[in-house]
Each structure stands twice: as structure tokens, then as C-alpha cells.
Amino acid sequence: MNKKIVIAGGSGFIGRYLAKEFTAMGYEIIIISREIKTNSFAIKWDDEEGIIQAMENSEMLINLAGKSVDCRYNEKNKKEILRSRTETTQALGEAILKCKNPPSLWINSSTATIYRHAMDRYMTESKGEIGMGFSVEVAKEWERVFFAFQPKKTRQVALRTAIVLAKDGGVMKPYINLVRLGLGGKQGEGNQMFSFIHIEDLFNIILFVQSHLKLEGVINCSSPYAMDNKTFMSILRRDMHIKIGLPAPAWLLKIGAFLINTEPELVLKSRWIMPQKLLDAGYKFKYPAIESALKNILK
């Protein structure tokens, strides 16, 4: 029998990366997605029996499903952001309960945005303070639905993931474009903290969690070395060999966010995360510092 991993919401850049890496390790990958293109190992969300069969005898379920938050927070988008996370998590939990041999590990996405706007100290799993606002309420409800399930044979981990850095997706492309245009200065006051995780570390953390059976509950998925926005933009300009970087004050970011249909919170919120559980368990980051992460991404 082939080793098998199920990735729900696996059509995004993170899902594609994980599928590629796990396939290279010899795993059979089954994707659960809203749309099936050419992938014969994909199942649609309305195929309940197919989802159950996919999970039977699988080693792990990784749930990445959810509408992108890179949009305006109007009422329609708010409902879809929440629904796309909670309903998919609910469906997966119900499917697990119907399995005879369910996955031994269920990793569900969560977000480091669940913590408050942190300028004074970093947030750990045990001492982090939950914030306020729409994004936080979504994260809280997402985790509530996830942990409402307590399958006897399946360990549960919610990864509170920071901003994922990768070559082929996520935030790096717009940041790089800003720097190339000479607009890569600080954003807002520039003192908001920037927590990140390199996509290779994200994959390695999943493997680490899989092999460390005592790890469960919420886990901060972030480099231990955050820096402020001003420092991040300065290092990015340096590594791209571009000297000029005009700053973008908060009022201009709000106008710009409106014009490109996104929210300034994505840039202006201070995320200062410490992965205490991973560090205590002995995880060694491949890209702990932004310098090493950017060197890999920009090469």
C-alpha cells in the first residue's frame, strides 16, 4: 500500500509546494479542491464519499482551504472568508469521524494574525494575547470548529502561520515589484513587526510535527527572528541592489489598498511571533533569519 497524504485546498502556492515535496518522498498525494483541472488525484468538496475514501489509511491530512484575505473586507468577502474556512474544516472533521482507519495526524491551517497588534513583546502559544477585529474573529472561529472535533485516533495541530516567503507565490512578488519601482521604503511608521516563515521551513515543520507525537494543539509556525518593517524593506533593497526606496505613509497605503482591492491591515498590523513549542521540542530552522531566507528566494 502506498504512503498517502491528503491536502485540502491544495491548489494554492503552498499546497503545490507541499504536494511536490511529498511526492518526491514517495507519497501518493490526493488533493481536495473546488475545481479539478488535469489532476487525476483530486476530489471535489461535494464528494463526501470520495473524501472519506481518500482519508482511509492516509498518514496525514493537511487542510489549507480558505478564500484569500487579499481582498476588500466588504460584507460579501467577509462571509466568504469565514465560510470557506469553517465549512471546509467542518466537512473534513465529519469525514474523519466516518473513517475506519483515519489519518493519524490532522494539521489545520490557522494564522498568526490571531494575536494582537504586538509592538511591546513577542507572542508565544502560552502567553500570546488574542487580538480584536474581523481577522481575529475569523481565526478564533476557525480554530473553534477545528478543536470541536476530538477524534480518538487522530492527533490535531493548528499551525498559526506567519507570512510565508517563497519564490513562486505569496507576498514576495509584490514586495519585489515595489522595490524595483523605487517604492521599497518603509510602510506606515515602519516599526510594525514582520514575522515570517520560509516555505521550506514550513514543509520541514510539518515533517517535524508528524514525527514528534507529543506535539499537538496550537503551534506558532514562524521564524524566531522577527524584525520591523523598516528593517525588512532595507534588507530587501540591499539584496536587490537598489538604493532608492520611497516610503509609503499609512494614508497613502489606505488609498492604494482601496485601489487594488485589498486591506492595509495586511501590511500595517504588527505581527511578532515566537515559535516556542517548536523551539522547546528541538526544531532547527533552516532559514531562521531574514537574510538567509531572502538570499535563497532571490537567487
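Note: the structure precedes this text.
Since the structure is predicted, the reported quantities are computational estimates derived from the model, not experimental observations.

Caption draft 1: How the structure looks around the overall build of the chain. Secondary structure summary: the chain contains eleven helices and eleven strands in total. Taken over the C-alpha atoms alone, the chain extends approximately 60 × 40 × 40 Å along its principal axes. In the chain, which comprises 299 residues, the share counted as buried stands at 52%. Within the chain, contacts between residues separated by at least 24 positions form 78% of all contacts whose residues are at least 6 apart in sequence. Total accessible area on the chain is roughly 14900 Å²; 55% of this is exposed by carbon and sulfur atoms. Across the chain, the centroid of the 42 positively charged side chains sits 4 Å from that of the 31 negatively charged ones.

Caption draft 2: Structural detail: the sheet that holds strand S6 (residues 155-161). In space, the seven strands of this open sheet follow the order S3-S2-S1-S4-S5-S6-S10, with parallel pairing throughout. In the strand order of this sheet, the two ends are held by strand S3 (42-44) and strand S10 (217-221), each with one partner. Mean inter-strand twist for the sheet, computed between neighbouring axes without regard to direction, equals 20 degrees. Bridge analysis of strand S5 (residues 105-111) against S6 gives seven bridges, and the strand direction is parallel. Directly across from Ser109, in S6, lies its bridge partner Leu159. Lying on the sheet, helix H6 (residues 199-211) is in contact with strand S4 (60-63), S5, S6 and S10; it crosses S6 at an angle near 155 degrees.

Caption draft 3: View of the pairing of S4. The alternating pattern of S4 places Met60 and Ile62 and Leu61 and Asn63 on opposite faces, both of which are buried. With four bridges joining them, strand S1 (residues 4-8) and S4 adopt parallel strand pairing. Within S4, the position partnered with Ala8 by the bridge is Asn63. Here four bridges tie S4 to S5, and the two strands are oriented parallel to one another. Note on S5: the bridge partner recorded for Met60 is Leu105. Taken together, S4, helix H3 (residues 75-97) and S5 form a β-α-β motif whose crossover is right-handed.

Cut-offs used in this document
- Residues numbered from 1 in each chain as written.
- Predicted model: local features only at pLDDT ≥ 70, side-chain atom pairs only at ≥ 80, totals over all residues.
- Heavy atoms only, no water.
- Helix = DSSP H or I, 4+ residues; strand = E, 2+ residues; numbered from the N terminus.
- Buried < 20%, exposed > 50% of the residue type's maximum accessible area, 1.4 Å probe, protein only.
- Contact = heavy atoms within 4.5 Å.
- Areas by Shrake-Rupley, 256 points an atom, 1.4 Å probe, with all protein chains shown as cover.
- Lys, Arg positive; Asp, Glu negative; His and termini not counted.
- Charge placed at Lys NZ, Arg CZ, Asp CG, Glu CD.
- Pairing = 2+ DSSP bridges.
- Axes fitted to C-alpha atoms, helices over the stretch in contact; angles between N-to-C directions.
- Right-handed = clockwise from strand over helix to strand, strands pointing away.

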